[in-house]
Amino acid sequence: MASKIIGKINISAYDLASDVKYLNSVTKQSEEYDEFGQGYWKNLSVYNASGDASDTQYRNTDKCFPTEHAKQCPGIQDLVSQHFKLDNLKMIRARSLVDGLVIPHRDFVELDQATTYFRVFVALENNDEAFHSDERGVFQMMAGEVWFLDAGISHAAVNFGLKSRMFLCLDFMYEGEFEYTDIFAAPSSLAPYRNSFHIKREPFSDINKKEVIAATSKILNRFTFKDIIFTLSKYHFIYDLPVSSCYDWIISAAEQANNGEIIKKAKSLRRYLIEKRDMGERYTINDWNV
Ligand SMILES: [Fe+2]
């Protein structure tokens, strides 16, 4: 299922400016998937299984406690408790992405298919330079909108600018049947929301595509590989291209350069990020010893 808006919270009812300022002031910790992001990408545990803010691990738990970050964010605590049922909630993170990019990937691909993981985002502020994408298109999340994000299909995010882009990421887990409205404490208190949100992107011709692949093949090697992946993955935010076209392009460029090492590396990157990965499998973009 593609990403969509499932509700809208009247965000002006909450004093979030000081909460966002606090969250922006917290120093980023290093994280498991850092290397798939570029720029300033931060995830802070606001609610989790232990109540310990340094615990960033997502796990199946029936506990979800506010951490010390939540305690500094009374507006966010009010917003969460007034709008969401906490029963199936596993974790809430505050996510910031500034002057940066998260390359196309799928999440949860290595987990059990019998359980439904339901991830929603709530944008805490507007940012006209920040975009999200999935297999259906590119869109922007506006303040107060509650978005379902299907982390099981390919998706990516970017903020081309320097301004804050803070939002909440809520992870719910359900066994068996459920309706997405089950996450809301009071569905009737939600505001009307947009049903069409994909932005219009510029066309990108086959000739353009061939030119980019040919040019890439001339500068592609193990020293430029990682930068080129980040560069190519930005194209789909601007031009009308599939979200994961960067992986196909880098493989084609490696084939044109006839560079076996890069062909292998690019195919394994695509497999790991968007096709299939094994439980606990790790991948390091710039590890050339495997
Ligand atoms: Fe993701």
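Residues numbered from 1 in each chain as written. Predicted model: local features only at pLDDT ≥ 70, side-chain atom pairs only at ≥ 80, totals over all residues. Heavy atoms only, no water.

Examining the packing of aromatic side chains
Considering all chains together, one arrives at 19 aromatic pairs under this definition. With 4.8 Å between their ring centres and 20° between their planes, F118 and F148 make a pair best called stacked. Of this pair, F118 sits in strand 5 (residues 115–123) while F148 is found in strand 8 (residues 145–148), placing the two residues 30 residues apart along the sequence. Across the pair, F148 and F118 agree in class, each one buried. Arranged with centres 4.2 Å apart and planes meeting at 10°, the rings of Y174 and F178 form a pair that is stacked. Overall, the relative accessible area of 8% leaves Y174 in the buried class. Through successive ring pairs, a cluster of aromatic residues spans F118, F148, Y174 and F178. (Phe/Tyr/Trp six-rings, centres within 6.5 Å; stacked < 30°, edge-to-face > 60°. Helix = DSSP H or I, 4+ residues; strand = E, 2+ residues; numbered from the N terminus. Buried < 20%, exposed > 50% of the residue type's maximum accessible area, 1.4 Å probe, protein only.)

Here's the deal with the packing of helix 6 (residues 245–257) against helix 7 (residues 260–275)
Any two packed helices are characterised by the angle at which their axes cross and by the distance between the axes. At a closest axis distance of 8 Å, the pairing of helix 6 and helix 7 adopts a crossing angle of 165°. Here helix 6 lies roughly antiparallel to helix 7, going by the angle between them. In this structure, helix 6 crosses over helix 7, and the sense of that crossing is left-handed. Judged by residue contacts, Y247, D248, I250, I251, A254 and E255 of helix 6 engage I262, I263, A266, K267, L269, R270, L273 and I274 from helix 7. Looking at side-chain class alone, the contact of helix 6 with helix 7 contains ten nonpolar, no polar and four charged residues. (Axes fitted to C-alpha atoms, helices over the stretch in contact; angles between N-to-C directions. Parallel < 35°, antiparallel > 145°, perpendicular 65-115°, else oblique. Left-handed = near helix turned anticlockwise from the far one by under 90°. Contact = heavy atoms within 4.5 Å. Nonpolar A, V, L, I, M, F, W, Y, C, P; charged D, E, K, R; others polar.)

A word on the coordination of the iron ion
Only H105 (NE2), D107 (OD) and H155 (NE2) from the protein coordinate the iron ion, and they sit 2.0 to 2.2 Å from it. Within one chain, the residues donating to the iron ion are spaced in sequence as H-x1-D-x47-H. Here H105 and D107 have matching classes, each one buried. (Donors = N, O, S within 2.8 Å, 3.2 Å for Na, K, Ca; no water.)

A word on the layout of surface pockets
Put simply, the largest pocket is a space of about 910 Å³. Along the wall of the largest pocket there are 36 residues; nearest its centre are E32, Y33, R93, D107 and R119. Secondary-structure elements contributing two or more residues to the lining of the largest pocket are strand 2 (37–48), strand 4 (89–105), strand 5, strand 6 (130–134) and strand 9 (155–159). Looking at the lining of the largest pocket residue by residue, the class counts come to 15 nonpolar, nine polar and twelve charged. (1 Å grid on protein atoms, 1.4 Å probe; cavity = no way out; pocket = protein on both sides within 12 Å on 5 of 7 lines; lining within 4 Å. Points joined across faces, edges and corners; volume = space filled by probe spheres on them.)

Some points on the pattern of salt bridges
Counted according to the given criterion, the structure contains 13 salt bridges. For the salt bridge of K226 with E35, the shortest nitrogen-to-oxygen distance reads 3.7 Å. Pair noted here: K226 is in helix 5 (residues 225–238) and E35 is in the loop between helix 1 (17–25) and strand 2, with a separation of 191 residues, a long-range link. What makes K226 partly exposed here is its relative accessible area of 23%. Residues D240 and R201 are paired through a salt bridge, measuring 3.1 Å at the closest nitrogen-oxygen approach. Within this pair, whereas D240 is found in the loop between helix 5 and helix 6, its partner R201 is found in the loop between strand 10 (166–175) and helix 4 (206–219), the two being separated by 39 residues in sequence. Three or more residues joined by partner-sharing salt bridges are found here, namely R93, D107, R119 and D171. (Salt bridge = Lys/Arg side-chain N within 4 Å of Asp/Glu carboxyl O.)

A closer look at the pairing of strand 5
Within strand 5, eight of the nine residues are buried, which leaves the element mostly enclosed by the surrounding structure. Examined bridge by bridge, strand 5 and strand 10 share nine bridges and lie antiparallel to one another. Within strand 10, the residue paired with A123 across the bridge is F167. (Pairing = 2+ DSSP bridges.)

Topic: the side chain of R95
Of note, R95 is situated in strand 4. Buried and without a salt bridge, R95 has D171 as its closest oppositely charged side chain, separated by 6.1 Å. A distance of 2.6 Å separates a polar atom in the side chain of R95 from a polar atom in the side chain of N43. Apart from residues lying up to four places away in sequence, R95 is in contact with K42, N43, R119, F121, R165, M166, F167 and C169. (Lys, Arg positive; Asp, Glu negative; His and termini not counted. Polar contact = N/O pair within 3.5 Å; in protein donor to acceptor, adjacent residues only side chain to side chain.)

Overview of the domain arrangement of the chain
The domains assigned to the chain are domain 1 (4–189) and domain 2 (206–275). Centre-to-centre separation of domain 1 and domain 2, based on C-alpha positions: 29 Å. Taken together, the contact between domain 1 and domain 2 spans 22 residues of the former and 17 residues of the latter. Of the roughly 1,600 Å² buried between domain 1 and domain 2 on both sides combined, carbon and sulfur atoms contribute 72%. Our count for the contact surface shared by domain 1 and domain 2 stands at one salt bridge. Counting every contact that joins domain 1 to domain 2 gives five residue pairs in polar contact (both at pLDDT 80 or more). If you list the elements that add at least two residues to the side of domain 1 that touches domain 2, you get strand 2, strand 4, strand 6 and strand 9. Residues of the side of domain 1 that touches domain 2, tallied by class, amount to eleven nonpolar, seven polar and four charged. (Domains from an automatic or database assignment. Buried area = accessible area lost by both parts, 1.4 Å probe.)

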